[in-house]
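The chain contents come next:
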Amino acid sequence: MRKNPNTMTETVISSATKEVVIGLNRPFVMIGERINPTGRKLLAEEMKNGDFSRVEADAIAQVEAGAHMLDVNAGIPLADEPALLSQAIKLVQSVTDVPLSIDSSIIEALEAGIAVYEGKPLINSVTGEDEVLERVLPLVAKAGAAVVAISNDETGISEDPDVRFDVARKIVHAAADFGIPASDVVVDPLVMPIGAMGTAGQQVFALVRRLRDELQVNTTCGASNVSFGLPNRHAITGTFLSMAIGAGMSSAIMNPMHPEVKTAVMAADVLAGHDRDCAAWIREYRAPAIDGEARGRRRTNRRGIA
């Protein structure tokens, strides 16, 4: 049954002092991706050895670049992930006030992260596998958190977008059984590399529209996946995100420190009507007036010369 697409769905995530709202008619939420040792050998080695200086630097730099939230992952092979994740969360919350996404596929790590978190986190993530649903959703409900629902199950990641939609619907309904409202389920429709699957972008855009209109849930994704293996990756990622925003995507785990990506997101917000009076765009990109030029303009205006 198709629901009213104009109904507002808002997912509230918070730190101890700040709220971020992911919403279908709100500005796009940029979730910084860099605190993740996957594919970052130096960061993984440092974290494993108890050196969190790069985690601290990455947290501060991403927020300064415009991230509204940060994803924190400590998935390092043969390491004590619960201990590392809780340490990383405590450190990040001590140096920045933005809300966090607690990112792990290990239930014990999620429990450890939730135990030290101050506020209402976004738990990343739950899949459609029955065993995972039964383990993760009670944890989310007990913590009063929101959760990322990844659209795959025991059969893996389907290339059929209708199957991925059905998995998302299954997770939303299972969450409701645990008292978790649809507004606290943020669906990841799964972005495949466009270089390997030429229809990957079209599939996501179609899925996001259905998730918005039929399930009325917010959405997110790992944005950089779409450009994997391609040259000039950031241009592809930025364009993908601007088109996804047009389809209704409301957040993404991404790198706000890449200007092409951030600019594309902010421009899409303007064109989608999510940046009222273009205020955020003007604040970010207006060239600062040089004192002399500003005074000269004021004198010219007083003389009435165009």
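Before any of the text, the structure's been laid out above.
Residues numbered from 1 in each chain as written. Predicted model: local features only at pLDDT ≥ 70, side-chain atom pairs only at ≥ 80, totals over all residues. Heavy atoms only, no water.

Novice: Before we go on, may I ask you to explain the overall build of the chain in this structure?
Specialist: Counting its secondary structure elements, the chain contains eleven helices and ten strands. In terms of overall dimensions, the chain is globule-like: its C-alpha atoms have a radius of gyration of 20 Å, near the 19 Å expected for 306 residues. The burial tally for the chain puts 49% of its 306 residues in the buried class. Across the chain, the fraction of contacts at a sequence separation of at least 24, relative to all contacts at a separation of at least 6, is 69%. Total accessible area on the chain stands at roughly 14,500 Å², and carbon and sulfur atoms take up 52% of it. (Helix = DSSP H or I, 4+ residues; strand = E, 2+ residues; numbered from the N terminus. Rg over C-alpha atoms; globule rule 2.2 N^0.38 Å. Buried < 20%, exposed > 50% of the residue type's maximum accessible area, 1.4 Å probe, protein only. Contact = heavy atoms within 4.5 Å. Areas by Shrake-Rupley, 256 points an atom, 1.4 Å probe, with all protein chains shown as cover.)

Novice: What exactly am I supposed to notice about the packing of helix H8 (residues 233-247) against helix H9 (residues 259-271) here?
Specialist: Two quantities define a packed helix pair, namely the angle between the axes and the distance from one axis to the other. Axis separation between H8 and H9 bottoms out at 8 Å; the angle between their running directions is 20°. Taken together, the axes of H8 and H9 are roughly parallel relative to one another. In this structure, H8 meets H9 at a crossing whose hand is right-handed. Of the residues in H9, those in contact with His234, Thr237, Gly238, Thr239, Leu241, Ser242 and Ile245 of H8 are Glu260, Val261, Ala264, Val265, Ala268 and Asp269. Residue classes in the contact of H8 with H9 are distributed as six nonpolar, five polar and two charged. (Axes fitted to C-alpha atoms, helices over the stretch in contact; angles between N-to-C directions. Parallel < 35°, antiparallel > 145°, perpendicular 65-115°, else oblique. Left-handed = near helix turned anticlockwise from the far one by under 90°. Nonpolar A, V, L, I, M, F, W, Y, C, P; charged D, E, K, R; others polar.)

Novice: Teacher, can you tell me more about helix H2 (residues 53-65) here?
Specialist: Each α-helix winds once per 3.6 residues, and so residues spaced three or four apart point in a common direction. When the terminal C-alpha atoms of H2 are compared, their 18 Å separation across 13 residues agrees well with the 18 Å that a helix rising 1.5 Å per residue should span. Within the span of H2, buried status applies to Val55, Asp58, Ala59, Gln62 and Ala65. Taken end-on, H2 shows its buried residues confined to a sector of 140°, consistent with a single buried face. As for H2, its buried residues are in contact with strand S3 (29-35), helix H1 (41-48), strand S4 (69-73), helix H3 (81-95), strand S10 (251-254) and H9. One or two steps after H2, the chain reaches Gly66, where phi turns positive at roughly 120°. (Expected span 1.5 Å × (residues − 1). Arc of directions from axis to C-beta.)

Novice: For this particular structure, what's the right way to read the pairing of S10?
Specialist: Two faces belong to every sheet, and in a regular strand the side chains alternate between them. Residues Ser251 and Ile253 point to one face of S10 and Ala252 and Met254 to the other, with burial holding for every one of them. Where S3 meets S10, four bridges bridge the pair, whose relative direction is parallel. Each bridged residue has a counterpart across the sheet, and for Gly32 the counterpart in S10 is Met254. (Pairing = 2+ DSSP bridges.)

Novice: What is the right way to look at the pattern of salt bridges in this model?
Specialist: One side chain can pair with another of opposite charge once the charged atoms of both are near each other. Evaluation of the coordinates by the stated rule reveals 13 salt bridges. The residue Lys120 makes a salt bridge to Asp184 at a minimum N-O spacing of 2.9 Å. Note that Lys120 is positioned in the loop between helix H4 (107-116) and strand S6 (122-126) and Asp184 in the loop between helix H6 (161-177) and strand S8 (185-188), a separation of 64 residues in sequence. Relative accessible area serves as the criterion here: at 19%, Lys120 is assigned to the buried category. (Salt bridge = Lys/Arg side-chain N within 4 Å of Asp/Glu carboxyl O.)

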